[in-house]
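# Architecture and fold: a report
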Amino acid sequence: ANAPVASIDIPSGWDVDEGRRGDACLTPAMLISLTSPKRCARGFEGAHYLGGRFVPPQIVEKFSLRLPPYPGTAQHVRLSGPRACHPE
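Residues numbered from 1 in each chain as written. Predicted model: local features only at pLDDT ≥ 70, side-chain atom pairs only at ≥ 80, totals over all residues. Heavy atoms only, no water.

### Side note on the sheet that holds strand E1 (residues 6-8)
With mixed pairing, the four strands of this open sheet are ordered in space as E1-E2-E3-E4. Edge positions in the sheet fall to E1 and strand E4 (76-80), since each of these pairs with one other strand and no more. Across this sheet, the average inter-strand angle for adjacent strands is 25°, counted without regard to direction. The sheet contact formed by strand E2 (residues 30-34) and strand E3 (residues 47-51) spans five bridges and is parallel. Directly across from methionine 30, in E3, lies its bridge partner alanine 47. (Pairing = 2+ DSSP bridges. Helix = DSSP H or I, 4+ residues; strand = E, 2+ residues; numbered from the N terminus. Axes fitted to C-alpha atoms, helices over the stretch in contact; angles between N-to-C directions.)

This is the structure we're talking about:
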């Protein structure tokens, strides 16, 4: 059976900046980015989540991060992708 794959931060075999390159790379159904989405996630088509809401303001400013708001006390936020990958 083919089980869906979830990758944390950067999927195995992906280039950090360019993303998936070649057939040897994983194609995850879900990507969980930590702190901030990485460049490699730009073309990702699966369910994409961001975890790690507590980034110090100095870091956000230093690296010009554009982070989404987190609802309530949530520790993750959905960025994109099909809902079927993560039933709620």
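### Looking at the side chain of serine 7
Take serine 7: it is sitting in strand E1. Once you skip the residues sitting within four places of it in the chain, serine 7 turns out to touch Leu26, Pro28, Met30, Leu31 and Ile32. (Contact = heavy atoms within 4.5 Å.)

### Concerning the confidence of the model for the protein
Averaged over the protein, the pLDDT score is 84; the fraction of residues at 70 or greater is 90%. In this model, residues 83-88 is a region of pLDDT below 50 whose contacts with residues beyond four sequence positions or in other chains number ten contacts. (pLDDT = per-residue confidence, 0-100.)

### Notes on unusual backbone geometry
Positive phi, normally seen in glycine, also occurs at threonine 35, with a value near 70°. Relative to the helices and strands, threonine 35 resides in the loop between E2 and E3. Even without being glycine, serine 64 reaches a positive phi, approximately 50°. Relative to the assigned elements, serine 64 resides in the loop between helix H1 (57-62) and E4. With relative accessibility at 59%, the residue serine 64 sits in the exposed group. (Buried < 20%, exposed > 50% of the residue type's maximum accessible area, 1.4 Å probe, protein only.)

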